Amino acid sequence: MLTIGALLGMAAHIEGKASMILDMSGLAQKGGAVLSHVRLSEHTADVTCSRIVTGTADLVMAADEVVAAAKETITLCESSRTVGVINTHVIPTADFILNRDFNFQSRKVNSVLETALRKDSSFFDFTKPAEALLGDSIATNIMMLGYAYQKGLLPLSAKAIEQAIEVNGVAIKMNTQAFQLGPSRRRRSGAAGRR
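All values derive from a computational prediction rather than experimental measurement. (Residues numbered from 1 in each chain as written. Predicted model: local features only at pLDDT ≥ 70, side-chain atom pairs only at ≥ 80, totals over all residues. Heavy atoms only, no water.)

Asks: Sorry if this is basic, but what is going on with helix H6 (residues 127-134) here?
Replies: Residues spaced three or four apart along an α-helix face the same direction, because each turn holds 3.6 residues. For H6, the complete set of buried residues consists of Thr127, Pro129, Ala130 and Leu134. Looking straight down H6, one finds its buried side chains confined to an arc of 165°; they lie on one side. Along H6, the residues that are exposed and aim more than 90 degrees away from the buried face are Lys128 and Ala132. Count one or two residues on from H6 and you reach glycine 135, which has phi positive near 75°. (Buried < 20%, exposed > 50% of the residue type's maximum accessible area, 1.4 Å probe, protein only. Helix = DSSP H or I, 4+ residues; strand = E, 2+ residues; numbered from the N terminus. Arc of directions from axis to C-beta.)

Quick look at the structure:
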């Protein structure tokens, strides 16, 4: 998710737009959650605070439903405003390692998200097509970015995002393909959407 924030910031810069990013990644090195606040605007004057405040998020992109349902994320959402693009792929937690029969309570987590997000939010296992089409689950987040772009949820052009991927210089071919597959894969199959 840190890469997504950096790509969006660079794409905004390429288009001459304002951006501000706040990465909350303290425990990420120990397997903890990562949360990035990304603000984008046409004008610098509109981007005065890096932190998204309670109930003002326009979009939540979550690679992990459990992190999306955490208090730090849910408080940013408003059910009439916030659209979600949520990866439903189950990611094992430490409890699962200690107890192989651990109950993820995915239905409960999903219910929390459905209540907090707009009805047109998308819940889909983006990890499966990332692994099947690109051979690496690391492409999941960029595929989600492509999907969010295709849904019109990003105020940036595809060209600027693809240029940002090139400037980033990491796995350019795979990331560009993942971004392009996000929209084209979903549009053809209609696979994403509410469960």
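Asks: Sorry, what's going on with the sheet that holds strand S5 (residues 122-124) here?
Replies: Sheet strands line up and pair through hydrogen bonds in the backbone, either parallel or antiparallel. Across the sheet, three strands lie side by side as S3-S4-S5; this open sheet has parallel pairing. Sheet topology places strand S3 (59-62) and S5 at the edges, where each strand pairs with a single neighbour. Across the sheet, the mean angle from the axis of one strand to that of its neighbour is 0°, orientation sign disregarded. Bridge analysis of S3 against strand S4 (residues 83-87) gives four bridges, and the strand direction is parallel. Within S4, the residue paired with leucine 59 across the bridge is valine 83. (Pairing = 2+ DSSP bridges. Axes fitted to C-alpha atoms, helices over the stretch in contact; angles between N-to-C directions.)

Asks: Just to check I follow, could you spell out the pairing of S4 for this structure?
Replies: Along a regular strand, successive side chains alternate from one face of the sheet to the other. A large share of S4 lies buried, amounting to five of its five residues. Across the two faces of S4 the burial is the same, with Val83, Val85 and Asn87 and Gly84 and Ile86 all buried. In this sheet, S5 lies alongside S4 in parallel orientation, the contact comprising three bridges. The residue bridging isoleucine 86 from the neighbouring strand is phenylalanine 123, located in S5.

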